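As a plain string of letters, each chain reads:
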Amino acid sequence: MKNVLISCVGGMLIYDFVKSLKKNNNYKFKLVGIDNDEKAYNKVLFDKFYKCPKTTHKKKYYNFIKNIIKIHKIDFIFPLSDNENRFFFKNKKKLIKLFPKLKLPSKIQDIFLSKTKLYNFCDQNDINVNKFKIINNLKELKKILSKSKKKYILKQSTGHGSNDTFLINEKRKKTRQLLANRRCYELNKKNLFKILNKKSGMILTDYYKSDIFDVDCLSKNGKVLLMVVRKRLLTNSFLNYSTGHKIVKNKKIEKLIIKFVKSSNYTGISDYDVIKNKGKYMIIDASSRFSGSVGASLLAGVNFPLECIKMNYGKQVSKPKIDYNLITKTFFSFDENNKNDYIEKYLPKLENQIKI
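Residues numbered from 1 in each chain as written. Predicted model: local features only at pLDDT ≥ 70, side-chain atom pairs only at ≥ 80, totals over all residues. Heavy atoms only, no water.

The strand order β3-β2-β1-β4 describes an open sheet built from four strands, whose pairing is parallel. Of all strands in the sheet, those with a lone pairing partner are β3 (48–51) and β4 (76–78), marking the two edges. The mean angle between the axes of side-by-side strands here comes to 20°, regardless of whether they run parallel or antiparallel. As defined by bridge partners, strand β1 (residues 2–6) adjoins β4 across three bridges and the pair is classed as parallel. The residue of β4 that forms the bridge with leucine 5 is isoleucine 77. (Pairing = 2+ DSSP bridges. Helix = DSSP H or I, 4+ residues; strand = E, 2+ residues; numbered from the N terminus. Axes fitted to C-alpha atoms, helices over the stretch in contact; angles between N-to-C directions.)

Core analysis: the largest hydrophobic core is formed by 33 residues, its most contacted members being Ile6, Leu21, Phe78 and Phe290. Those elements giving two or more residues to this core turn out to be β1, α1 (14–22), β2 (29–35), β4, β12 (223–232) and α9 (304–312). The greatest single-element share of this core, amounting to five residues, is contributed by α9. The contact partners of isoleucine 6, leaving out residues within four places of it in the chain, are Phe17, Leu21, Leu31, Val32, Gly33, Ile34, Phe46, Phe78 and Leu80. Cys217, Ile257, Val261 and Met282 belong to the second-largest nonpolar core, a separate cluster that totals 30 residues. (Core = buried A, V, L, I, M, F, W, Y, C linked by side-chain atoms within 4.5 Å. Buried < 20%, exposed > 50% of the residue type's maximum accessible area, 1.4 Å probe, protein only. Contact = heavy atoms within 4.5 Å.)

The next point concerns unusual backbone geometry. With phi around 55°, cysteine 8 is a residue other than glycine that occupies positive phi space. Relative to the assigned elements, cysteine 8 resides in the loop between β1 and α1. Overall, cysteine 8 belongs to the partly exposed group, its relative accessible area being 25%. If you check the backbone angles, asparagine 221 has positive phi at about 50° while not being a glycine.

Burial runs high along strand β6 (residues 152–156): four of the five residues are buried. Looking at chain direction, β6 and strand β7 (residues 165–168) are connected through four bridges and run antiparallel. Bridging across to β7, isoleucine 153 finds its partner in leucine 167. Pairing analysis gives five bridges linking β6 to strand β10 (residues 202–206), with the strands arranged antiparallel. Note on β10: the bridge partner recorded for leucine 154 is leucine 204.

Glancing now at helix α7 (residues 251–264). One turn of the α-helix equals 3.6 residues, which is why residues spaced by three or four share an orientation. Taking 1.5 Å of rise per residue, the 14 residues of α7 would be expected to cover 20 Å, and the 20 Å separating its terminal C-alpha atoms lies within 8% of that figure. Within the span of α7, buried status applies to Ile253, Glu254, Leu256, Ile257, Phe260, Val261 and Ser264. In a view along the axis of α7, the buried residues occupy a sector of 160°, so they form one face of it. In α7, the exposed residues that point more than 90 degrees away from the buried face are Lys251, Lys252, Lys255 and Lys262. Its side-chain oxygen 3.1 Å from the backbone nitrogen of lysine 252, asparagine 250 forms the N-cap of α7. Where α7 ends, the next residue or the one after it, asparagine 265, has phi of about 50°, a positive value. (Expected span 1.5 Å × (residues − 1). Arc of directions from axis to C-beta. Polar contact = N/O pair within 3.5 Å; in protein donor to acceptor, adjacent residues only side chain to side chain.)

All told, the structure shown has 19 salt bridges when counted by the stated rule. Here lysine 117 makes a salt bridge to aspartate 110, at a shortest N to O gap of 3.9 Å. Two residues, aspartate 126 and lysine 259, come together in a salt bridge whose shortest N-O distance is 3.7 Å. With aspartate 126 in the loop between α4 (115–124) and β5 (132–135) and lysine 259 in helix α7, this pair connects stretches of sequence that are 133 residues apart. (Salt bridge = Lys/Arg side-chain N within 4 Å of Asp/Glu carboxyl O.)

Once that is clear, we can look at the environment of lysine 28. Within the secondary structure layout, lysine 28 lies in the loop between α1 and β2. Residue classification places lysine 28 among the exposed residues on the basis of a relative accessible area of 65%. Spatially, the C-alpha atoms of lysine 28 and asparagine 3 are 9.0 Å apart, while their sequence positions differ by 25 residues.

Whenever strands of a sheet pair, they do so through backbone hydrogen bonds, lying parallel or antiparallel. What the six strands build is an open sheet, ordered β5-β10-β6-β7-β9-β8; its pairing is mixed. Of all the strands in the sheet, the pair left with one neighbour each is β5 and β8 (176–177). Relative to the sheet, α4 contacts β5, β6 and β10, its axis offset from that of β5 by approximately 140°. Along the sheet, helix α5 (residues 138–146) makes contact with β5, β6, β7 and β10, crossing β5 at roughly 145°.

Within α4, the full set of buried residues consists of Lys115, Thr116, Leu118, Tyr119, Phe121 and Cys122. In this structure, the buried residues of α4 make contact with β5, β6, β10, α7 and β15 (280–287). Directly beyond the C-terminal end of α4, a positive phi value near 55° is found at aspartate 126.

The following block contains the structure:
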């Protein structure tokens, strides 16, 4: 049995992630979940749950992680947020020194930790990427926007999801919020500068209204071992998750990701957002962690979390048959409660994905 720590277990699609490890016939895992929301619904899916500090409280978070690893003899950690990836990127050596048997799913590289580094890497290695401009100050941004009336996307270089994302559209007279509970707006440049509170560390890209694809990937020493391409099925392209996916076979996207992995000599799990424009596929984002909706790939026949653990322990990675053209949708359902320490008779699975 391996003791596995999983972070961000309040995420909408964690049920599928847990299922990928719990419902396999060959391996047993004790799962410890953490989240900074003590009411995270998905905590009931874990053998043990803890409320954790925010990663912005660096010393407190480090001591918390160190204690959890020690108490539960954690063998393997799945960090499922960008901020936690940054934490483990900075503290991996210290933690491995304290716990020599501890393993992480990826050899995290800094090109995944900011869009500036990602886009520059792609540009330098002739990898298709969205046309971009790194913004160092507001004066520079104003100058660019004054010369063009086309639509742009402005994001934080180290942002996550769709928070602090702005669709700049001069035809939009009144500001429109694109997502509830997030700083994500469509607005003109005049209104942009009224609310923009960040003066640097931003990236400006062209805007394309087009199909978006998620790519789940597992690689070792620059060689792709497993890859699944998923076309997002949604009406709001700014959503930080997708309400459905279609598993597709797309050789152009596969070739693009293979080139990225080879150029970076990357080992571990990775997730890519790819967009299509005029027949050309471009990377618009990437991370060294699993997508929140990686469970769609599980339904298609590829158990990425399990295969990642197997790879890290020197086991042979399976070559499953992928169910192309499979369509999944998120679905809210309930399971009967069999734990005595919860009042509710039925507990929500919180939007696990189903085949349709």
